[in-house]
Amino acid sequence: MTFPVTRLRRLRYNSVLRQMVTETKLSADDFVMPLFVCSGTNVKNHINSMPGNYQLSVELLVEECKTIYAAGVKSVLLFGIPAYKDEDGSVACEHNGIVQQAIRAIKKELKDLYVIADVCNCEYTTHGHCGTIIDGDVDNDSTLITLAKQSVSLAEAGADMIAPSDMMDGRVGVIRAQLDANGFEKIPIMAYSAKYASGFYGPFREAAESAPKFGNRATYQMNPANSNEALREVAQDIAEGADIVMVKPALSYLDVIYRVKNEFNMPVAAYNVSGEFSMLKAAAEKGWIDGPRVMMEILTSIKRAGADIIITYHAVEAANILNGKY
Ligand code: PBG
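Keep in mind that this is a model prediction, so the values were computed, not measured.

Caption draft 1: Examining the overall build of the chain more closely. Counting its regular elements, the chain contains 11 helices and 12 strands. Relative to its length of 326 residues, the chain is compact, with a C-alpha radius of gyration of 20 Å against a globular reference of 20 Å. Here the C-alpha coordinates of the chain stretch approximately 70 × 45 × 40 Å along the principal axes. Looking at the chain as a whole, 53% of its 326 residues are labelled buried.

Put into structure tokens, the structure is as follows:
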């Protein structure tokens, strides 16, 4: 049927009806809040390029987690800024590493908060690359060893989920095998499967102090122009045992989220990264856009594209809106 029998506006005249026929509904259950933990006590360093986000020492991080949980966000993703770094990132595997300490402290006070540990070397290496450097480039296979060690150590500290973000080939399989060998067969892996070499990570690198000191990440992260390759990356991670696959960043890659969801029908996570967050905040601060409105529109678009899980610095703000607290 066409006009005048069919009138698509008919379903838009009443707000109750508009709600009833809303296809995509966000919920605080969809969100994961990324957090940055650093050494020391009573440290709360504002991250200039990410308004409202901080590097927090462990005890303040726990307080922040209480606020996040109270807002209805039940999961956090932890990144560590260690007191010192080394060549191969083995600092990240220490029993008393910064994220390990943070996980233990969180679990002591908030056992129901779901804690996801990011696994990567770039915050822990002196050169800022995501793995061990051999002959001027990140060596794939030796990096797998430190990533697996880091994963087991984070699981021992009490992490609920392991999320490798390094983009080495074969890391999901090696991490799965090591987790299983150490009795952590129940710990899921959320793989950053299609992670692009993106300019949108700029503010994060300030936050995590993880910018590469030379070169870039183009030999391991994906070329932004490719999406067939993303499907191959995802297929490989699933074959190696990934439980959840991730596309990162989110906004410039909604088509990739869509393709991954349709092709594999796996739980898909999307990372609404730092640069996406900061752009919105900057424009809102200038009064050029309505910040909360655009935030909800963006988060909805990520879910509409096919993401089941949205990792976002907006998590608490969005949860507050969804729960009627604004
Ligand atoms: C570490 C990592 C990065 C991000 C998450 N994990 C940065 C990078 O790859 O350089 C970026 C997250 C963000 O921008 O919010 N490998």
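That shown, we press on.
Caption draft 2: Region of interest: unusual backbone geometry. Along the chain, Phe3 connects to Pro4 via a cis peptide bond; the corresponding omega equals 10 degrees. In this structure, the amide linkage connecting Lys248 to the following residue, Pro249, adopts the cis form with an omega of -10 degrees. Residue position: Pro249 is located in the loop between strand S10 (244–248) and helix H8 (254–264). Even without a glycine there, the phi angle at Asp135 is positive, about 55 degrees. Among the structural elements, Asp135 can be located in the loop between strand S6 (133–134) and strand S7 (137–138). Under the relative-accessibility criterion, Asp135 is labelled exposed at 80%. Phi angles above zero are rare outside glycine, and Met167 is one such case at about 70 degrees. By relative accessible area, Met167 is classed as buried at 5%.

Caption draft 3: Structural view of the site of the ligand. Around the ligand sit 18 residues in total, of which Lys195, Arg205, Lys248, Ser274 and Tyr313 are the nearest. At 2.8 Å from an oxygen atom of the ligand is found a side-chain nitrogen or oxygen belonging to Lys195. Within the contact set of the ligand, an oxygen atom lies 2.6 Å away from a side-chain nitrogen or oxygen of Tyr313. Contact with the protein chains removes 100% of the 400 Å² of surface that the ligand exposes when unbound. Residue composition of the shell around the ligand, grouped by class: 10 nonpolar, 3 polar and 5 charged.

Caption draft 4: Region of interest: the packing of aromatic side chains. Across all of its chains, the model carries 8 aromatic pairs by this definition. Judged by centre distance (6.2 Å) and plane angle (40 degrees), the ring pair of Tyr192 and Tyr271 falls under tilted. One end of the pair, Tyr192, is in strand S9 (residues 190–195); the other, Tyr271, is in strand S11 (residues 268–272), with 79 residues separating them in the sequence. Accessibility assignment for this pair places Tyr192 and Tyr271 in one class, buried. An aromatic cluster is present here, built from Phe36, Phe79, Tyr192, Phe204, Tyr271, Phe277 and Tyr313 joined pairwise through their rings. Here the guanidinium or amino end of Lys248 rests over the ring plane of Tyr201, the centre of that ring lying 4.5 Å away.

Caption draft 5: Molecular detail of the side chain of Gln221. Assignment of secondary structure puts Gln221 in the loop between helix H6 (202–208) and helix H7 (228–239). When its relative accessible area of 4% is taken as the criterion, Gln221 is described as buried. When near neighbours in sequence (up to four residues on either side) are disregarded, Gln221 contacts Met167, Lys195, Tyr196, Ala197, Ser198, Tyr201 and Arg205.

Caption draft 6: Structural view of the pattern of salt bridges. Under the definition given, this model contains 12 salt bridges. A salt bridge links Lys66 to Glu109; the shortest N-O distance between them is 2.8 Å. Taken together, the residues span a long stretch of sequence, with Lys66 in helix H2 (residues 58–70) and Glu109 in helix H3 (residues 98–109) at a distance of 43 residues. Its salt-bridge partner being Asp180, residue Arg176 comes within 2.9 Å of it at the nearest N-O pair.

Caption draft 7: Molecular detail of the side chain of Thr125. Locating Thr125 in the fold gives a position in the loop between strand S5 (114–119) and S6. Overall, the relative accessible area of 1% leaves Thr125 in the buried class. Here Thr125 is in contact with Lys85, Asp86, Glu87, Asp88, Gly89 and Gly131, once residues within four sequence places are set aside.

Caption draft 8: Just the nonpolar core, in detail. Counting 82 residues, the largest nonpolar core has Leu61, Val76, Leu78, Ile103, Ile106, Ile162 and Ile257 as the members making the most contacts within it. Residues Ile81, Met161, Met190 and Tyr313 belong to the second largest nonpolar core, which totals 25 residues.

Caption draft 9: Seen up close, H3. If you check H3, its first and last C-alpha atoms are 17 Å apart, about what 12 residues at 1.5 Å a residue would give, namely 16 Å. Along H3, the positions that sit buried rather than exposed are Ile98, Val99, Gln100, Ala102, Ile103, Ala105, Ile106 and Lys107. Along its buried surface, H3 packs onto strand S1 (31–38), H2, strand S4 (75–81), S5 and helix H4 (140–157).

Caption draft 10: Up close: a nonpolar patch on the surface. On the surface, Leu11, Val16, Met20 and Val21 cluster together into a nonpolar patch covering about 390 Å² of accessible area. Turning to its location among the elements, Val16 is positioned in helix H1 (residues 15–20).

Caption draft 11: Spotlight on the environment of Asp290. Among the secondary structure elements, Asp290 is positioned in the loop between helix H9 (274–285) and helix H10 (291–305). Along the chain, Asp290 and Leu280 lie 10 residues apart, while their C-alpha atoms are 9.1 Å from each other.

Caption draft 12: Representation of the packing of H4 against helix H5 (residues 171–181) within the structure. Where H4 contacts H5, the two axes come as close as 9 Å, and the packing angle between them is 45 degrees. In terms of axis orientation, H4 runs oblique to H5. Two packed elements cross with a definite hand, and for H4 against H5 that hand is right-handed. Where H4 approaches H5, its residues Leu144, Leu147, Ala148, Ser151, Val152 and Ala155 are matched on the opposing element by Arg171, Val174, Ile175, Gln178 and Leu179. Its residues assigned to classes, the contact of H4 with H5 comprises 8 nonpolar, 2 polar and 1 charged.

Calculation rules
All residue numbers here refer to positions counted from 1 along the written sequence of the relevant chain. In view of the model being predicted, local features appear only for residues whose pLDDT reaches at least 70, and side-chain atom pairs are presented and counted only at 80 or more, with totals across whole chains, interfaces and linings using the full set of residues. Calculated side-chain values reflect all of the structure's heavy atoms, with hydrogen atoms and water omitted. To qualify as a helix, a DSSP run of H or I must reach at least 4 residues; to qualify as a strand, a run of E must reach at least 2; elements of each kind are numbered from the N terminus. When we talk radius of gyration, it's over C-alpha atoms, and the globule rule is simply 2.2 Å times the number of residues to the 0.38. For each residue, the accessible area found with a 1.4 Å probe, counting protein chains only, is set against the maximum for its type, and the residue is called buried under 20%, exposed over 50%, and partly exposed in between. Throughout, the term near means that a residue has one or more heavy atoms lying within 4 Å of the molecule or strand in question. Residues adjacent in sequence count toward polar contacts only when both atoms are side-chain atoms; beyond that, a polar contact is any pair of N or O atoms within 3.5 Å, and within protein one must be able to donate a hydrogen and the other to accept it. Residue burial considers only the protein chains on display, and all accessible areas are found by Shrake-Rupley using a 1.4 Å probe. Residues are grouped as follows: Ala, Val, Leu, Ile, Met, Phe, Trp, Tyr, Cys and Pro are nonpolar; Asp, Glu, Lys and Arg are charged; all remaining types, including Gly, are polar. Here is the rule: rings of Phe, Tyr and Trp (six-membered ring for Trp) pair when centre to centre is within 6.5 Å. Planes less than 30 degrees apart are stacked, more than 60 are edge-to-face, and the remainder are tilted. Either the NZ atom of lysine or the CZ atom of arginine qualifies as a charge over a ring when it sits within 6 Å of the ring centre and within 35 degrees of the ring normal. Any pair of residues with heavy atoms lying within 4.5 Å of one another is described as a contacting pair. In what follows, salt bridge is the name for a side-chain nitrogen of Lys or Arg lying within 4 Å of a carboxyl oxygen of Asp or Glu. Nonpolar core, defined: a set of buried Ala, Val, Leu, Ile, Met, Phe, Trp, Tyr and Cys residues in which side-chain atoms within 4.5 Å join the residues together. To estimate how far a helix should extend, the number of its residues minus one is multiplied by 1.5 Å. Two joining distances apply to patches: 9 Å for like charges and 5 Å for nonpolar side chains (Val, Leu, Ile, Met, Phe, Trp, Tyr), and every residue must have over 30% relative accessible area and no salt bridge. Note on definitions: angles span 0 to 180 degrees between N-to-C directions of axes, and those axes are lines fitted to C-alpha atoms, for helices only across the stretch in contact. Working rule for angles: under 35 degrees goes down as roughly parallel, over 145 as roughly antiparallel, 65 to 115 as roughly perpendicular, anything else as oblique. In a left-handed crossing the near helix is turned counterclockwise from the far helix by less than a right angle, and in a right-handed crossing that turn is clockwise.

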